[in-house]
Amino acid sequence: MLAFILQRLIQAVVVMVTVAFIAFLLFQYVGDPVVFLLGQDATKEQIELLRSDLGLDQPFFVQFGHFLSNAVQGEFGLSLRQGAKVSRLIAERLPATLELALVAATLALAIGIPMGVYAALRRGTWASQLIMTVSLLGVSLPTFLIGILLILVFAVMLGWFPSFGRGDVVQMGWWSSGLMTAKGWHHIVLPAVTLAIFQLTLIMRLVRAEMLEVLRTDYIKFARARGLSNRTIHFGHALKNTLVPVLTITGLQLGGLIAFAIITETVFQWPGMGLLFIQAVTFADIPVMAAYLCLIALIFVVINLVVDLLYFVVDPRLRVGKPGGH
């Protein structure tokens, strides 16, 4: 187990250093931060002085070493557009993105798993066929189109939900939460549903496929031969074994929800990291872009590490270090 953890930690460090190097290249090849800070009318002396103060006149790998050291401490300098520390901007936007992703993931699991089980157990019925048809739409339609359609129907035509913003939030230290106010829940419904639809349909189709596969196995046939009830077979044996790969994929998809909430946050003007990143790209705000890239990579690495450890605990075939293991 210790060797497994160390191996995964080494891989995580390698991945993070590689991502940090890619993020650092943004400073080298996507515009000149000195020109952004001083403007086009700056004199050559002013440019050289600021370049020296920022350490940009040093060798490439010396600059990368300083960047890596600062990144480990969570420091990415100042935003070229807002003039504020990037770490503060990220800290202000992170709670909104995490709450949106967690609500969307909860919706996807709470609806996707039961629908997948029903589609597998009632295979061939009209309700099952309808569910599979709707799931194809959920997988095929782009996220921005789903968001626009939801705004048109539920915000513009029916007026049930607001079309933008986060609503009222409660401040708890550096963390802000909209889930403690009624308006916060009112505002999060449409963006959370928009973000959850693709994940919901993916989980539903995965559960259905895994459930059908498990129901064909020999131990399920043996359970039927023993006279066990359908309820015990379906939910006590089949579903339990179906959820192992489903939860593994779901853990990885949570990272995807956080990383790819950019479109949803842009459509609904949700004040999260995705909207901050889009604004940074628009204004070529390189420090914010680099910080976002490193943070998303860290989230993926941590989630992947946790999922690997959980999978190692659940699946005994991965415990290769034990005597007699294969």
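Please read all numbers here as calculations on a predicted model, not as lab measurements.

Engineer: Looking at this model, I keep getting lost on the environment of Ala-259. Mind explaining?
Structural biologist: Within the secondary structure layout, Ala-259 lies in helix H10 (residues 230-259). Judged by relative accessible area, which is 6%, Ala-259 ranks as buried. Contact partners of Ala-259, with chain neighbours within four places excluded, come to Tyr-292, Ile-296 and Phe-300.

Engineer: Help me out: how do you make sense of the packing of aromatic side chains in this one?
Structural biologist: Any two aromatic rings considered together are summarised by their centre-to-centre distance and by the angle between their planes. This structure, assessed with the given rule, holds six aromatic pairs. With 5.3 Å between their ring centres and 85 degrees between their planes, Phe-21 and Phe-64 make a pair best called edge-to-face. Of this pair, Phe-21 sits in helix H1 (residues 2-29) while Phe-64 sits in helix H4 (residues 60-72), and the two are 43 residues apart along the sequence. Chaining the aromatic ring pairs together yields one cluster made of Phe-21, Phe-24, Phe-64, Phe-67 and Phe-76.

Engineer: Whenever I open this one, the pattern of salt bridges confuses me. Can you help?
Structural biologist: Side chains that carry opposite charge are capable of pairing whenever their charged atoms lie near each other. On inspection of all chains with the given rule, the structure shows three salt bridges. One salt bridge in this structure joins Lys-85 and Glu-75, with 3.4 Å as the shortest N-O distance. Note that Lys-85 is positioned in the loop between H4 and helix H5 (86-121) and Glu-75 in the loop between H4 and H5, a separation of 10 residues in sequence. The exposure class of Lys-85 is partly exposed, given its relative accessible area of 41%. A relative accessible area of 29% means that Glu-75 is categorised as partly exposed. For Glu-92, the salt bridge goes to Arg-88, with nearest N and O atoms at 2.6 Å. With Glu-92 and Arg-88 both in helix H5 and four residues apart, the pair spans about one turn of that helix. Owing to a relative accessible area of 41%, Glu-92 belongs among the partly exposed residues under this scheme.

Engineer: Before we go on, may I ask you to explain helix H6 (residues 126-140) in this structure?
Structural biologist: Along an α-helix, residues three or four apart share an orientation, since each turn contains 3.6 residues. Taking 1.5 Å per residue as the helical rise, H6 with its 15 residues ought to reach 21 Å, and the 21 Å between its terminal C-alpha atoms agrees with that figure. Within the span of H6, buried status applies to Ala-127, Ser-128, Ile-131, Met-132, Ser-135 and Gly-138. Angularly, the buried residues of H6 cover 135 degrees about the axis, an arc narrow enough to put them on a single face. Along H6, the residues that are exposed and aim more than 90 degrees away from the buried face are Trp-126 and Ser-140. Looking at the packing, one finds that the buried side of H6 touches H5, helix H7 (143-157) and helix H8 (182-215).

Engineer: Explain a nonpolar patch on the surface to me, please; I cannot follow it from the model alone.
Structural biologist: A contiguous nonpolar surface patch, about 680 Å² in accessible area, is contributed by Leu-149, Leu-152, Val-153, Val-156, Met-157, Leu-158 and Trp-160. Turning to its location among the elements, Leu-149 is positioned in helix H7. With a relative accessible area of 39%, Leu-149 lands in the partly exposed category.

Engineer: I tried to follow the nonpolar core on my own but got confused; where do I start?
Structural biologist: Across soluble globular proteins, nonpolar side chains show a tendency to be buried alongside one another. Judged by nonpolar contacts, the single largest core of 46 residues is most densely connected at Phe-67, Phe-76, Ile-90, Met-273 and Ile-296. Of all the secondary-structure elements, those providing two or more residues to this core are H1, H4, H5, H8, H10, helix H12 (273-282) and helix H13 (286-314). No other element matches H13, which puts 12 residues into this core. If we ignore the near neighbours within four places in the chain, the residues touching Ile-90 are Met-273, Leu-276, Ala-291 and Leu-295. In terms of nonpolar packing, the next biggest core, distinct from the first, is built from 17 residues, Ile-203, Val-214, Ile-233 and Val-246 among them.

Engineer: I would appreciate a short explanation of the side chain of Ser-79 in the present structure.
Structural biologist: Along the polypeptide, Ser-79 turns up in the loop between H4 and H5. For Ser-79, a relative accessible area of 2% corresponds to the buried category. Discounting residues that sit within four places of it in the chain, Ser-79 has contacts with Ala-84, Val-86, Leu-89, Asp-285 and Val-288.

Engineer: Sorry if this is basic, but what is going on with unusual backbone geometry here?
Structural biologist: Leaving glycine out, the prevailing phi sign among residues is negative, and the prevailing peptide bond configuration is trans. We note that Gln-269 has phi near 50 degrees; this positive angle belongs to a residue other than glycine. Within the secondary structure layout, Gln-269 lies in the loop between helix H11 (262-267) and H12.

Engineer: Sorry if this is basic, but what is going on with the confidence of the model for the protein here?
Structural biologist: Where the model shows low pLDDT, its predicted coordinates should not be examined in detail. The predicted model of the protein has a mean per-residue pLDDT of 80, with 89% of residues at 70 or higher. Here helix H2 (residues 33-38) stands out as the least confident element of the protein, with mean pLDDT 67; H7 is the most confident, with 90. Here residues 322-326 is a poorly scored stretch, pLDDT under 50, and it has three contacts once near neighbours within four places are set aside; other chains count.

Conventions adopted
- Residues numbered from 1 in each chain as written.
- Predicted model: local features only at pLDDT ≥ 70, side-chain atom pairs only at ≥ 80, totals over all residues.
- Heavy atoms only, no water.
- Helix = DSSP H or I, 4+ residues; strand = E, 2+ residues; numbered from the N terminus.
- Buried < 20%, exposed > 50% of the residue type's maximum accessible area, 1.4 Å probe, protein only.
- Contact = heavy atoms within 4.5 Å.
- Phe/Tyr/Trp six-rings, centres within 6.5 Å; stacked < 30°, edge-to-face > 60°.
- Salt bridge = Lys/Arg side-chain N within 4 Å of Asp/Glu carboxyl O.
- Expected span 1.5 Å × (residues − 1).
- Arc of directions from axis to C-beta.
- Patch = residues over 30% accessible without salt bridge, like charges linked within 9 Å, V, L, I, M, F, W, Y side chains within 5 Å.
- Areas by Shrake-Rupley, 256 points an atom, 1.4 Å probe, with all protein chains shown as cover.
- Core = buried A, V, L, I, M, F, W, Y, C linked by side-chain atoms within 4.5 Å.
- pLDDT = per-residue confidence, 0-100.

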